[in-house]
Amino acid sequence: LLLCRCAQTFVPAATSNTQLRSHHAATAAAIAGLAAAAPLPAQAAELTFDGFGPGELVAIFVPIIYCWLAYGEWEAKQDPVED
């Protein structure tokens, strides 16, 4: 029903009134712009979950290495204690 009403705006006027035709052209352009701006489904081809890329590996190992180095520095600054 909505499509039929929108299609009526695309029918050119039978008169030679240029203002009326420009109004129809502006309406058609606005509808075409809204149709082009409609949200599209995401094309997430890179999300195949078949392996780790460099970004995932960095996100996993950088915090581990950073904490290990920070602990090693902290441990080196502690006084030696006999148990």
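Trainee: Give a description of the overall build of the protein that names residues and reports values.
Mentor: If you tally the helices and strands in the protein, you get 3 helices and 0 strands. Helices and strands in the protein line up, N terminus first, as α-α-α. Residue burial in the protein is summarised as follows: out of 83 residues, 4% are buried. With an accessible surface of roughly 7800 Å², the protein has 68% of that area assigned to carbon and sulfur atoms.

Trainee: Report on helix α3 (residues 54–76), specifying residues and quantitative values.
Mentor: Taking 1.5 Å per residue as the helical rise, α3 with its 23 residues ought to reach 33 Å, and the 32 Å between its terminal C-alpha atoms agrees with that figure. Where α3 bends most, at Phe-61, the angle is about 25°, and the proline Pro-63 comes one to four residues later.

Trainee: Give me the lowdown on the pattern of salt bridges, citing residues and values where you can.
Mentor: Considering all chains together, one arrives at 1 salt bridge under this definition. The salt bridge partner of Lys-77 is Glu-73, with a shortest N-O separation of 3.4 Å. You can call Lys-77 exposed: its relative accessible area is 62%.

Trainee: Account for a nonpolar patch on the surface, with residues named and values stated.
Mentor: Together, Phe-52, Leu-57, Ile-60, Phe-61, Ile-64, Ile-65, Trp-68 and Leu-69 give the surface a local cluster of nonpolar side chains, amounting to about 860 Å² of exposed area. Within the secondary structure, Trp-68 sits in helix α3. Note on Trp-68: relative accessible area 62%, which makes it exposed.

Trainee: Hey, could you go over the confidence of the model for the protein for me, with residue numbers and the actual values?
Mentor: Residue-level pLDDT values for the protein average 74, and 58% of them are 70 or greater. When pLDDT is averaged over each helix and strand of the protein, the minimum, 56, is found for helix α1 (residues 2–10) and the maximum, 94, for α3.

Rules used in this analysis
Residues numbered from 1 in each chain as written. Predicted model: local features only at pLDDT ≥ 70, side-chain atom pairs only at ≥ 80, totals over all residues. Heavy atoms only, no water. Helix = DSSP H or I, 4+ residues; strand = E, 2+ residues; numbered from the N terminus. Buried < 20%, exposed > 50% of the residue type's maximum accessible area, 1.4 Å probe, protein only. Areas by Shrake-Rupley, 256 points an atom, 1.4 Å probe, with all protein chains shown as cover. Expected span 1.5 Å × (residues − 1). Bend = angle between axes of the 7 residues up to and from the residue. Salt bridge = Lys/Arg side-chain N within 4 Å of Asp/Glu carboxyl O. Patch = residues over 30% accessible without salt bridge, like charges linked within 9 Å, V, L, I, M, F, W, Y side chains within 5 Å. pLDDT = per-residue confidence, 0-100.

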